[in-house]
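# Summary of the model geometry
As a plain string of letters, each chain reads:
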Amino acid sequence: MLKTPSSTTAGPSFDDAYDLSRRNLLRLGLMGGAMLVGPSFAVAAGGPSETPVAGGTLTIGADADPIGLDPTTVTAFSSYDFTGLIYTGLLRWTADMKIEPDLTVSYERPDDKTYVFKLREGVKFHNGQDFTAEDVKYTFDRILDPATASKLRAQYSGIKAVTVLDPRTVKFELKTTDAAFLNYLATNPDGAIVPKGVENLSTQPVGTGPFVFESYQPNQQFTLTANPNYYEKGLPFLSKVVFKFYKDQATLSSALRSKAIDMTWLKDPKVAALMAKTSPDLVSAPGQTSRTFPIWLNMKAKPLDDIRVRRALSLATDRKACLDTVLGGSGKIGAMIPESQVGGYDGVGEMPYYKHDAAAAKKLLAEAGYPDGIDLGNYIVVAANPLDVACAQILHQQWQAAGITVKLTPMETAPLLNLWSTGGWPTLLSVALSWTPDADAIFQYVKSDSKFGTAMGIADPQLDKLITEARADVDPASRAAKNLQIQRHIAENAYVIQTYQYPLRWEIWWNYAKGYMPLAANIRSFVRTTWVKK
C-alpha cells in the first residue's frame with residue numbers, strides 16, 4: 001500500500017486556553033495514544049478504564065443548515081457534518097490524519113497508475129440495497145459525467161477508467177501518477193459512495209454510514225438514527241444524533257452552557273478561548289489552521305482583466321491588520337495552502353504583492369488609466385459569518401485609502417455559492433475555503449478548465465501545466481517545490497487576493513460525551529465511536 005503523507009498541525013495562539021484544552025484531553029484519555037485499533041473498528045477511548053455505553057442521544061449545536069445532502073453535488077461546508085455520518089467511502093482518515101480502509105478490506109497498487117480495491121462483504125445501504133463494486137463505479141462515473149455538474153469532477157479528472165472485476169473488486173486506472181488520489185478517496189464527501197439507481201439524494205440521502213437520515217426541519221433540527229446494519233461491529237454506540245440549529249455564536253454558546261446541547265464548535269477563536277476556561281467539565285479541542293479567507297476576482301471583463309488593477313488591490317490589502325483586528329492574531333498571513341493541509345507546506349515566505357503599500361497601489365491604478373481611483377462595485381461576502389463580514393469591513397477601509405471603492409454586500413450562503421460557481425458575481429466575492437483533502441483541491445479552483453476557474457475567467461496554460469505536474473509528482477520534496485511555485489504564480493498574477501489563514505473551528509463538548517475524536521478535517525466522523533454517560 002502507498003504511504004500517505006500526514007498533515008502538519010498547529011494550534012491557535014491563545015496559549016493559556018490551548019494548554020487548558022490539552023490538559024482536558026489528556027485527563028479524559030483523548031490524547032497520547034488513546035486510540036484503540038482492532039480488526040473490526042477503532043474506538044476512541046473515553047478514559048483508560050471506561051466501557052462504552054450503548055444507547056442515548058447526542059445533541060450537537062450547529063451554526064448552519066445543510067445545503068444539499070448528495071455528496072456528489074454538494075458544495076457547502078455546512079453539509080459535511082451530515083454527509084460525514086450518513087455516507088462512507090472506500091477509505092477514511094484516522095484521528096491522526098493517516099489513511100485506512102473503510103468500505104474496503106484492502107487495496108493494492110499493481111503499477112504506478114492502477115489501484116485495485118477489495119470491498120467489504122455484507123454491507124448494505126440504508127434502503128436495504130446491497131453494496132457492491134457496481135455502486136463504486138456508478139459513483140465515480142456520475143462524478144465524471146459533465147451533466148452532473150459535480151465540483152469533484154476536476155479532482156477526479158485523472159481517472160481513465162473504473163472497472164468492476166467482480167462484485168467485491170473494483171479497479172481504478174489513472175491517466176498519470178497522482179499524489180492526491182488516495183487523499184480524495186479518504187475524504188467525506190469527496191470519496192463518499194452512493195447507491196446505483198437511487199435518486200433525490202439531495203433531500204433523501206441514502207448511504208452506508210453509521211447513521212440513517214430520519215428527519216429535517218429547516219432552521220430547527222436535523223435528526224439521525226443509528227444504522228442497525230452498520231458494518232463495523234458494535235458501532236455506533238449512540239441511538240440517535242440530533243443537530244439543533246443556532247444562527248449566531250452567542251445563542252450557540254448559551255445553549256452549550258445550559259446543556260441544551262452536548263457538543264458544538266465555535267468560529268471566533270477569542271470567544272472559544274474564553275469559553276474553554278469557564279468549566280473544568282468542558283473538553284475543548286483547539287482547531288488547526290485549516291481555513292483561508294480569499295477574495296475571488298471576476299476577470300472576464302474590465303477592470304479586473306487588467307493585471308495592474310488586480311495587483312493594486314493586493315498591495316492595498318493590509319493582511320496583518322486584518323489578522324490582528326479580526327482574529328487577535330490567532331492565525332497567520334499565508335498563501336493559498338493552509339499549514340495543516342495534507343500536501344501543504346508551511347513557511348512559504350513572502351508572496352509577490354503581499355506587502356501593504358497604498359502608494360504603490362495608487363501608482364498602478366494610475367498606470368491602468370484610473371488616476372482618480374476606481375469603483376469596483378459590490379464586494380459580496382457570507383452574511384452568516386461575522387468574522388468574514390468583519391474582515392470585509394476592514395478591507396473596505398484599507399482599499400478606500402488606496403483609491404479603491406467597493407460596496408460591501410453581505411449575502412445568504414446558498415445564493416452566494418450559486419454566484420460563485422456560475423461566475424455571476426460582478427467583481428469581488430469572498431467564500432472562505434475549509435480544509436480540503438489535498439493541496440491540489442485548492443489549486444483546482446484556479447485551473448482554466450475547472451468549474452470555478454472558468455467562472456473567474458482564468459485562462460493560463462502555464463498555471464494549468466504547473467498544477468498538473470505537481471499533482472503527478474509523488475516525491476514529497478519535489479512536489480512541495482512545485483506547490484510553492486504555483487502559489488507564487490497565483491500571487492504574481494493576483495488571480496486571488498488571499499488575506500489570512502486560521503483555525504476553522506474550535507470544538508467544545510461536555511465531558512459526559514465520551515469517545516469523541518476531533519479531526520483536523522473538521523468532519524465529525526468520530527461521532528460513530530461516541531457514547532453518552534451522564
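Please read all numbers here as calculations on a predicted model, not as lab measurements.

Further remarks concern the overall build of the chain. Within the chain, the secondary structure is distributed over 16 helices and 22 strands. Relative to its full complement of 534 residues, the chain shows a buried share of 60%. Summarising the internal contacts of the chain: among those between residues at least 6 apart in sequence, 73% fall at separations of at least 24. For the chain, the exposed surface amounts to about 19,800 Å²; the carbon and sulfur share of it is 53%.

Over its 18 residues, helix H16 (residues 476-493) runs 26 Å from end to end, which matches the ideal 26 Å to within 8%, given 1.5 Å per residue. On the buried face of H16, the contacting elements are helix H8 (307-315), helix H13 (439-443), helix H15 (461-472) and strand E19 (496-503). Backbone geometry just after H16 places alanine 494 at a positive phi near 50°.

So, about the sheet that holds strand E9 (residues 169-174). The strand order across the open sheet built from four strands is E6-E7-E9-E8, with neighbouring strands paired in antiparallel fashion. The open sheet terminates on both sides in strands that have one partner only, identified here as strand E6 (104-111) and strand E8 (159-166). Strand after strand, the sheet turns through a mean of 20° between neighbouring axes, direction not considered. Pairing between E8 and E9: six bridges, direction antiparallel.

When pLDDT is averaged along the chain, the result is 87; 89% of the residues meet or exceed 70. Overall, residues 1-47 carries pLDDT values under 50, and its contacts beyond four positions in sequence, including any with other chains, amount to 115 contacts.

This structure, assessed with the given rule, holds zero disulfides. Of all cysteine sulfurs in the structure, the one in cysteine 391 sits closest to cysteine 322, which takes part in no disulfide; the separation is 4.0 Å.

Here the focus is the nonpolar core. Of all hydrophobic cores here, the largest spans 88 residues; its most connected members are Leu90, Phe117, Phe140 and Phe172. Once residues within four sequence positions are removed from consideration, phenylalanine 117 is found in contact with Leu90, Leu91, Thr104, Ser106, Tyr107, Arg168, Thr169, Val170, Phe172, Leu182 and Leu185. Core analysis: the second largest hydrophobic core is formed by 69 residues, Ala312, Trp420, Ile442 and Val496 among them.

One pass over the full model with this rule turns up 28 aromatic pairs. Consider the rings of tryptophan 296 and tryptophan 420, whose centres lie 5.2 Å apart with planes at 40°: the pair is tilted. Here tryptophan 296 is found in strand E15 (residues 289-297), whereas its partner tryptophan 420 is found in helix H12 (residues 413-422), with 124 residues between them in sequence. Note on tryptophan 420: relative accessible area 5%, which makes it buried. Sitting over the ring of tryptophan 510, lysine 259 keeps its end group 4.6 Å from the ring centre. Positioned above the aromatic ring of tryptophan 425, the side-chain terminus of lysine 300 is 5.9 Å from the ring centre.

Next up on the list: the environment of alanine 521. Topologically, alanine 521 is positioned in the loop between strand E21 (513-514) and strand E22 (531-532). For alanine 521, a relative accessible area of 3% puts it in the buried group. Separated by 424 residues in the primary sequence, alanine 521 and methionine 97 place their C-alpha atoms 8.3 Å from one another. Non-local contacts of alanine 521, meaning those with residues more than four positions away in its chain, are made with Phe77, Met97 and Trp435.

In this structure, the amide linkage connecting asparagine 188 to the following residue, proline 189, adopts the cis form with an omega of 15°. Relative to the elements of secondary structure, proline 189 occurs in the loop between helix H5 (181-185) and strand E10 (211-217). Cis geometry marks the peptide bond from lysine 302 to proline 303, where omega comes out at 0°. Along the chain, proline 303 falls in the loop between E15 and H8. One non-glycine residue with positive phi stands out, namely asparagine 219, at about 70°. Position of asparagine 219 among the secondary structure elements: in the loop between E10 and strand E11 (221-226).

Calculation notes
Residues numbered from 1 in each chain as written. Predicted model: local features only at pLDDT ≥ 70, side-chain atom pairs only at ≥ 80, totals over all residues. Heavy atoms only, no water. Helix = DSSP H or I, 4+ residues; strand = E, 2+ residues; numbered from the N terminus. Buried < 20%, exposed > 50% of the residue type's maximum accessible area, 1.4 Å probe, protein only. Contact = heavy atoms within 4.5 Å. Areas by Shrake-Rupley, 256 points an atom, 1.4 Å probe, with all protein chains shown as cover. Expected span 1.5 Å × (residues − 1). Pairing = 2+ DSSP bridges. Axes fitted to C-alpha atoms, helices over the stretch in contact; angles between N-to-C directions. pLDDT = per-residue confidence, 0-100. Disulfide = S-S within 2.5 Å. Core = buried A, V, L, I, M, F, W, Y, C linked by side-chain atoms within 4.5 Å. Phe/Tyr/Trp six-rings, centres within 6.5 Å; stacked < 30°, edge-to-face > 60°. Lys NZ or Arg CZ within 6 Å of the ring centre and 35° of its normal.

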